[in-house]
Amino acid sequence: MTLNWWVLGIVLLAALLHASWNTLVKSSQDKDLDVALIHLVGSGLALPMVLLVGLPSIQAWPYITASILIHIGYYVALSGAYRHGELGLTYPLMRGVAPLLVALSSKFVLGEVLSPLAWGGVLGISGGVVLLGLNRSALAAPKAIGFALGNAIIIAMYTAVDGLGVRASGNALQYVAILFALDGWPFALLMLATRGGALQKYARHRWPVAALGASASLGSYGMVLWAMTLAPVATIAALRETSVLIAVLLGTWFLKESFTLQRTVGACVMVAGVMALRMGTY
């Protein structure tokens, strides 16, 4: 499995899409309802894809089931992190710690061994991500940090599960289509049960933005899972987290969050990590 320039470009595009829909959630008035609505709309968008491409093989279904259950925890932790902290803090922590956890477990869980240079890339990206997120005000938001670090563990779990699942399915498009068709319902039903009719009311004015977010989410994860069939999961997981730099820039431009010298250093470390990852994966 190799990481060529074509695959690298696709994953960087996926990173842009992922950062975009997370920025939409952070900018919303109700994070829980926004997460529920985006992924419920995503399920609706994925249904025609299922009819078009068909169902994945039976070997993939245990992974699909596990991923759906893990994603419920992901949505709860994601909305909690964004309720209590800014995008420039929570997003880097969630996305920076996760690929390091994937890499540490990759030999035992995924049967993959990274080269020393690839390990340097993973550490560079993860370190750069953390530098982008941490600042002096971080300790003033312990709930945000708790949700973000908890979600990093959850992200590492579903990354490994889906990496194995998409390979077992033999068809990345089939796996992504059915995963998204089913994935949005559990958290949306949880919101309906706990928030009454608030989700329907929220959807009336928010659905156009939710449709954009859902399309970005579906496209982003589809590209990442496809890439995982061609390159090591730990490599793709780390490379995807370049979305953090994009998210920090979006937070600076649109949410008026600060871009400090520390975040500049973090960005440079991350870029170095990407190049090391590309040269160390063969």
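Values in this document were obtained by computation on a predicted structure and should not be read as measured data. (Residues numbered from 1 in each chain as written. Predicted model: local features only at pLDDT ≥ 70, side-chain atom pairs only at ≥ 80, totals over all residues. Heavy atoms only, no water.)

### Some details on the overall build of the protein
Rules: Put simply, DSSP marks the helices as runs of H or I at least four residues long and the strands as runs of E at least two long, and each gets a number from the N terminus on. Residue burial is assigned from relative accessible area. The probe radius is 1.4 Å, only protein chains are included, and a residue is buried under 20% of its type maximum, exposed over 50%, and partly exposed in between. Note on contacts: a residue pair is in contact if any heavy atoms of the two residues lie within 4.5 Å. Working definition of accessibility: Shrake-Rupley area with a 1.4 Å probe, residue cover restricted to the visible protein chains.
Along its length, the protein carries 11 helices and 0 strands. What you see in the protein, going N to C, is helices and strands ordered as α-α-α-α-α-α-α-α-α-α-α. Scored against the burial criterion, the 282 residues of the protein give a buried share of 55%. Of the contacts formed within the protein by residues at least 6 apart in sequence, a portion of 88% connects residues at least 24 apart. When the accessible area of the protein is evaluated, it comes to approximately 11,500 Å², of which 73% is carbon and sulfur surface.

### Some remarks on the packing of helix H2 (residues 31–53) against helix H8 (residues 198–228)
Think of two packed helices as two axes; the pair is described by the angle between the axes and how far apart they sit. Definition in use: All axes are obtained by fitting lines to C-alpha atoms, using only the stretch in contact for helices, and the reported angles, taken between N-to-C directions, cover 0 to 180 degrees. Here the word oblique covers every angle except those under 35 degrees (roughly parallel), over 145 (roughly antiparallel) and from 65 to 115 (roughly perpendicular). The hand of a helix crossing depends on one turn: near helix anticlockwise from the far one by less than a right angle means left-handed, and clockwise means right-handed. By the convention adopted, Pro, Cys, Tyr, Trp, Phe, Met, Ile, Leu, Val and Ala count as nonpolar, Lys, Arg, Asp and Glu as charged, and the other residues, Gly among them, as polar.
At a minimum axis separation of 7 Å, H2 and H8 run at an interaxial angle of 60°. Relative to H8, H2 is oriented oblique. Crossing angle aside, the handedness with which H2 passes H8 is right-handed. For the contact of H2 with H8, the residue count by class is 16 nonpolar, 5 polar and 2 charged.

### Brief notes about the side chain of Asp32
Rule in force here: In protein, a polar contact means a hydrogen-donor-capable atom and an acceptor-capable atom, both N or O and within 3.5 Å, with residues adjacent in sequence counting only if both atoms are side-chain atoms; elsewhere, any N or O pair within 3.5 Å suffices.
On the secondary structure map, Asp32 appears in helix H2. In this structure the side chain of Asp32 is engaged in a polar contact, spanning 2.5 Å, whose partner is the side chain of Ser79. If sequence neighbours within four positions are ignored, Asp32 has contacts with Ser79, Arg83, Phe187, Met191 and Arg195.

### Things to note about the environment of Leu40
Locating Leu40 in the fold gives a position in helix H2. Taking C-alpha positions, Leu40 is 8.5 Å from Phe187, a pair spaced 147 residues apart along the chain. The residues touching Leu40, leaving out its near neighbours within four places in the chain, are Gly184, Trp185 and Ala188.

### Thoughts on the confidence of the model for the protein
Just so we agree on the cut-off: Residue-level confidence of the predictor is what pLDDT reports, using numbers from 0 through 100.
Counting all residues, the mean pLDDT for the protein is 81, and 86% of those residues have values of 70 or more. Mean pLDDT values for the elements of the protein range from 68 in helix H11 (residues 261–280) up to 93 in helix H3 (residues 61–84).

### Digging into helix H6 (residues 142–169)
Where we set the bar: Multiply 1.5 Å by the residue count of a helix minus one, and that product is the helix's expected span.
With 28 residues, H6 should reach 40 Å at 1.5 Å per residue; the first-to-last C-alpha distance of 40 Å fits that figure. One or two steps after H6, the chain reaches Gly170, where phi turns positive at roughly 80°.

### Digging into the side chain of Asp30
Here Asp30 is to be found in the loop between helix H1 (5–27) and H2. Engagement of the side chain of Asp30 in a polar contact is seen with the side chain of Arg195, the distance being 2.5 Å.

### What about the pattern of salt bridges?
Put simply, the test is: Note on definitions: salt bridges are taken to be side-chain nitrogens of Lys or Arg within 4 Å of carboxyl oxygens of Asp or Glu.
In this structure the tally under the stated criterion is 3 salt bridges. With a shortest N-O distance of 2.5 Å, Arg195 and Asp30 are connected by a salt bridge. Of this pair, Arg195 sits in helix H7 (residues 172–195) while Asp30 sits in the loop between H1 and H2; the two residues are 165 residues apart in sequence, bridging distant segments of the chain.

### A look at the nonpolar core
What counts here: We define the nonpolar core as a collection of buried residues of types Ala, Val, Leu, Ile, Met, Phe, Trp, Tyr and Cys that are connected through side-chain atoms lying within 4.5 Å of one another.
Counting 77 residues, the largest nonpolar core has Tyr74, Leu225 and Ile236 as its most contacted members. With 12 residues, H8 is the largest single contributor of residues to this core. Residues within four places of Leu225 in sequence aside, it is in contact with Asp162, Val166, Tyr175, Val176 and Leu179.

### Some words on the packing of aromatic side chains
Quick note on the threshold: Two rings from Phe, Tyr or Trp (for Trp, the six-membered ring) form a pair when their centres are within 6.5 Å of each other. A pair whose planes differ by under 30 degrees is stacked, one over 60 is edge-to-face, and the rest are tilted.
Taken as a whole and assessed by the stated rule, the structure comprises 5 aromatic pairs. When the centroid spacing of 5.8 Å and the interplanar angle of 55° are considered together, the rings of Tyr75 and Phe187 count as tilted. Here Tyr75 is found in helix H3, whereas its partner Phe187 is found in helix H7, with 112 residues between them in sequence. Side by side, Tyr75 and Phe187 carry an identical accessibility label, which is buried. Among the aromatic residues, those joined into a cluster by ring pairs are Tyr74, Tyr75, Tyr158, Phe180, Phe187 and Tyr221.

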